[in-house]
Amino acid sequence: MAKKLLIVESPAKAKTIEKYLGSDFSVKSSYGHIRDLEKGNDLGVDVDNNYRPNYTIPADKHKTVKELKDAAARVEEVWLATDEDREGEAISWHLCQVLGLNAETTKRIVFHEITKPAIQKAVQNPRTVNMNIVNAQQARRVLDRLVGWELSGLLWKKVKGQLSAGRVQSVAVKLIVEREREIQHFKTTAFFKIVAQFFVKNNQGKTVNFKAESPQRFESAEGAQAFLQQCIGADFSVNDIRVTPTKRRPSPPFTTSTLQQEASRKLGFSVSRTMQVAQKLYEEGFITYMRTDSTNLSETALNAIGDAIVQQFCAKYHQLRRYKTKNDSAQEAHEAIRPTYVERLQVSGQRDEQRLYELIWKRAVASQMADAELEKTTVDIGISTQSTAKLVAEGEVLKFDGFLKLYLESTDDEEEEAQGMLPPLQKGQKLDLDNLTATERFTRPPARYTEAGLVKKLEELGIGRPSTYAPTISKIMEANRGYVVKDSREGEERAYRILTLKDNTITQTGGKEITGATKNVLYPSDMGMIVSDFLDAYFDNIMNYGFTAEIEAQFDHVADGKIDWTRVIDGFYKPFHQEVEKTLKEAERVSGERILGKDPKTGRTVLVRMSSLGKAVVQIGTGEELDEKEKPQYANLRPGKTLETLTLEDALESFQLPRSVGEYNGQEMVVNTGRYGPYVKYGEQFISLAKGQDPFELSTEEAIQLVLAKLEADKPVGYYQGQPITKGKGRFGPFIKWHDLYVNIPKAYNFDFITEQQALQLLEAKIEKEANKYIQHWPEEHIAIENGRWGPFIRFGKQMLNLPKVDGAKMTADQARNLSLEDVKAIIKAEIPNAFEVKAKPVKKAAAKTTKAKAPTKPKVAAKPKAPAKKK
């Protein structure tokens, strides 16, 4: 029997570690945090008692805690081996508190890789819980709760119910909002780019062509035309040739943020997906700890990687490098992300795990490879008719590939055109011109953030730490908050002009290109922009990038033992709380309302604002313009339009819905938009439009295709007892339906090709299960006695009630079967005294006529919002 209990965070990690420890240890998992600040209507922090946190064990962790206590009681000693970052240190401390362990003496081990040598070395060198690191985590958790609690409550009263705000998430939203406004306000200007194509013979005597560009840009077609005009009949010759040797150095091994960025660019992973896959790789012992801002590699790793490079390539490709982390606060881990064993080229598991592992492996190995050596050639070409003008040709030759043999880092920017080799040229050489073109090009606004780009920006500004990037981005993209969406949008077609000089003749042609198309980038919603502006107006400190970074630096000082964590909280919270109280009194409720003009048909005011449901709407008519019982006209915005950029013309177009798009089989097809988006109404059916389809532009043919597809999808897959079995997809996945019975289709079945026999099997199994589910059932009363895991129980509406014991024992199914409806109602009334009372309908009071536009409805819930979720 084991004498020692080792507690880790995850069950997968527990299984791996247990293989490396002897029989003296048993390994159990805490499944993440076992305590957190109180939730619900309680702040969870005693502000008047030196910011004392009020921790509770969540209901879903009671079983885990009981199992850990039982396991601890059976051993002589408990060891802690939670993750080595601040969250992990805090979990160890919470385990001490809950299990009754002395934090000053309980052994705590840390390791940044799950390998046998690393685990055994950690066991030989235990330490105790570092309270400075624990307090740094407590400071972040408490401060984030205080800020989130107070700002969220403020937003409920001043903007809309169910909104939330946070110290880091609100700054992240502001970054996206500011970038969107940069793009909206960007003024695109045209210019002309000059490119020449020349003929020349190569070393083999074959005629080849190469291009050269003018370093001068022309702001108008007239200027470009004049340049081409002066080149008619001109001689072109090589004025100068410059050859410059250059080198490219490999990037350091991955930190958390650079891994998230590169996985996004190369693999198309979201930030959260990257961290989930990396967590699995770490727990299986394939990579080192994945939450780190260090680029350091251990001496053991450096030697192993060096040997692998020499063996796989040759000694010329190896170059020992010791990277130093730029970030002074890089203390959450002591090594970059790398393979635990560089000899391992493949890992078991899902395809995502193999792809991410290969990326980590290549980056780590490439970081220890030699520089790539290149030779860059620049050729200046003179124009005989224009002494001050020139054309420039550039070429690049790779002399030694070095690390490029294995890995090349990607960027968020559009890739530049690769430079190839130039043909052999000599100074003074005459060149034959094929053609000279002046192509119209346009200046471009800054690019919207991708998830990877946002992580990079947050890191540059010093906002957040490795463990916070993924949760922050996930939080601001949550559907119920609706601050940011990740989307791909089609661009618009744009015409451009091309002037061409060939055979001493200038011609003009045109072309078309798509501009503004995006893929998987972050857009702020209207609500996100309103909330960001509101917070920016009243809480400049909270929304200040430098101030937020300074708070992060103070957390680092707490972790280093340089400052007491409550001083950090106190210095921030007191002035912040005063600002909240002041804003509650002085700030008006905001809706982002904009007056756009007058409706030409009615002469009434047209405005756009945020509704009480958090959706931007167009409104015609204000309170003073309407008759006593008349209501304003409302319409949703057209796809792609926003509250800030909407024009009067756009707003009036929004009232084109609903609109008829014709008939099919004698039934009208009507396009409209509703709570779940745009749809076609055909008979009694509501058919959703495909993503990207504009309800204002939908044609009759497109509507018919949607109807036909719906009719085909709704065809019965079979019949049971003479009634059709249909299939569909809902919020919980694919299903089949018979009468009022819905049956989920398991993943093992192909939804598109499910057979009648398969549908019957699923349906009969469901019917049998439903039959065994009820001991007694009174559907009209919404009452049932059901079989449950722990015995029979009463279901009353959505509530589950225990049956009374009989002679001190649980009531059996047979005993429950003998209960009458009156008996069951009596049991329910004992638990819920007013269960069967008829509720009187409230009498509606006549609404008083207002003289201004209706304000958005106040949130129904007056209580303060729930606290932000913790890290799992």
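Residues numbered from 1 in each chain as written. Predicted model: local features only at pLDDT ≥ 70, side-chain atom pairs only at ≥ 80, totals over all residues. Heavy atoms only, no water.

Engineer: Is there a simple way to explain the overall build of the protein in this structure?
Structural biologist: Counting secondary structure elements, the protein contains 21 helices and 34 strands. Its C-alpha atoms put the protein at 110 × 85 × 65 Å along the principal axes. For the protein, buried positions account for 46% of its 872 residues. Within the protein, counting contacts between residues at least 6 apart in sequence, those at least 24 apart form 68% of the total. A total of about 46800 Å² of accessible surface is found on the protein, and carbon and sulfur atoms cover 48% of it. Averaging the positions of the 129 positive and the 119 negative side-chain charges in the protein gives two centres separated by 2 Å. (Helix = DSSP H or I, 4+ residues; strand = E, 2+ residues; numbered from the N terminus. Buried < 20%, exposed > 50% of the residue type's maximum accessible area, 1.4 Å probe, protein only. Contact = heavy atoms within 4.5 Å. Areas by Shrake-Rupley, 256 points an atom, 1.4 Å probe, with all protein chains shown as cover. Lys, Arg positive; Asp, Glu negative; His and termini not counted. Charge placed at Lys NZ, Arg CZ, Asp CG, Glu CD.)

Engineer: I keep staring at the environment of Ala517 and nothing clicks. Help me out?
Structural biologist: By secondary structure assignment, the location of Ala517 is in the loop between strand E17 (505-515) and strand E18 (518-524). Along the backbone, Ala517 and Glu150 are 367 residues apart, and their C-alpha atoms lie at a distance of 39 Å. In this structure Ala517 touches Arg489, Glu490 and Gly491, once residues within four positions along its chain are discounted.

Engineer: I keep staring at the pattern of salt bridges and nothing clicks. Help me out?
Structural biologist: Should the charged atoms of two oppositely charged side chains come close, the side chains can pair. What the rule picks out here adds up to 52 salt bridges. Linking Glu182 and Arg179 is a salt bridge whose minimum nitrogen-to-oxygen distance equals 3.5 Å. Placement of both Glu182 and Arg179 in helix H6 (residues 169-185) is noted, with a separation of three residues, approximately one turn of the helix. The exposure class of Glu182 is partly exposed, given its relative accessible area of 43%. Arg638 serves as the salt-bridge partner of Glu697, at 3.1 Å between the closest nitrogen and oxygen. (Salt bridge = Lys/Arg side-chain N within 4 Å of Asp/Glu carboxyl O.)

Engineer: Where do I start with the nonpolar core in this structure?
Structural biologist: Inside soluble globular proteins, nonpolar side chains tend to come together where they are buried. If you look at the biggest cluster of nonpolar residues, it comprises 145 residues, and the most contacted ones within it are Leu6, Ile287 and Leu356. Residue contributions to this core peak at 11 residues, all from helix H5 (residues 131-158). Look past the residues within four positions of Ile287 in its chain and what remains in contact with it is Glu113, Ala278, Leu281, Tyr282, Ile337, Arg338, Pro339, Thr340, Tyr357 and Ile360. Among the nonpolar cores identified, the runner-up in size contains 29 residues, and Phe218, Ala224, Val379 and Ala389 belong to it. (Core = buried A, V, L, I, M, F, W, Y, C linked by side-chain atoms within 4.5 Å.)

Engineer: Any chance you could explain the confidence of the model for the protein here in plain terms?
Structural biologist: Detailed conclusions should not be drawn from predicted coordinates in areas where pLDDT is low. Considering every residue of the protein, the mean pLDDT works out to 89; 94% of them sit at 70 or more. When mean pLDDT is taken per element in the protein, strand E8 (residues 107-108) scores highest with 97 and strand E28 (residues 723-730) scores lowest with 85. The low-confidence segment residues 844-872 (pLDDT under 50) makes 56 contacts with residues lying over four places distant or belonging to another chain. (pLDDT = per-residue confidence, 0-100.)

Engineer: Please clarify how the sheet that holds strand E23 (residues 659-664) should be interpreted in this entry.
Structural biologist: The strands making up a sheet associate through backbone hydrogen bonding, with each pair oriented either parallel or antiparallel. In spatial order, the strands read E23-E24-E25-E26; together these four strands make up an open sheet with antiparallel pairing. Edge positions in the open sheet fall to E23 and strand E26 (685-688), since each of these has one partner strand only. The mean angle between the axes of side-by-side strands here comes to 30°, regardless of whether they run parallel or antiparallel. Relative to strand E24 (residues 667-674), E23 is paired through four bridges, and the arrangement is antiparallel. Following the sheet pairing, Arg659 is matched in E24 by Val671. (Pairing = 2+ DSSP bridges. Axes fitted to C-alpha atoms, helices over the stretch in contact; angles between N-to-C directions.)

Engineer: Sorry, what's going on with the sheet that holds strand E22 (residues 633-636) here?
Structural biologist: The strand order across the open sheet formed by four strands is E19-E20-E21-E22, and the pairing between neighbours is antiparallel. Here the strands that pair on one side only, and so sit at the sheet edges, are strand E19 (594-598) and E22. The sheet shows a mean angle of 25° between the axes of neighbouring strands, taken without regard to direction. Sheet topology note: the E19/strand E20 (residues 605-610) ladder contains four bridges and is antiparallel. Counterpart to Lys598 in the pairing with E20 is Thr605.

Engineer: Sorry if this is basic, but what is going on with the side chain of Asp83 here?
Structural biologist: Within the element layout of this structure, Asp83 appears in the loop between strand E7 (77-80) and helix H3 (86-99). The class of Asp83 is buried, set by a relative accessible area of 2%. In this structure the side chain of Asp83 is engaged in a polar contact, spanning 2.5 Å, whose partner is the side chain of Lys13. What Asp83 contacts, discounting residues up to four positions off in sequence, is Glu9, Lys13, Gly88, Glu89, Arg108, Tyr282, Tyr289 and Arg291. (Polar contact = N/O pair within 3.5 Å; in protein donor to acceptor, adjacent residues only side chain to side chain.)

Engineer: Would you take a moment to explain helix H4 (residues 116-124) for this structure?
Structural biologist: Since the α-helix turns once every 3.6 residues, residues separated by three or four places project in the same direction. Within the span of H4, buried status applies to Ala118, Ile119, Ala122 and Val123. Seen along its axis, H4 keeps its buried residues to an arc of 135°; they face one direction. Exposed residues pointing more than 90 degrees away from the buried face of H4 are listed as Lys121 and Gln124. As for H4, its buried residues are in contact with helix H1 (11-18), strand E2 (25-29) and E7. (Arc of directions from axis to C-beta.)

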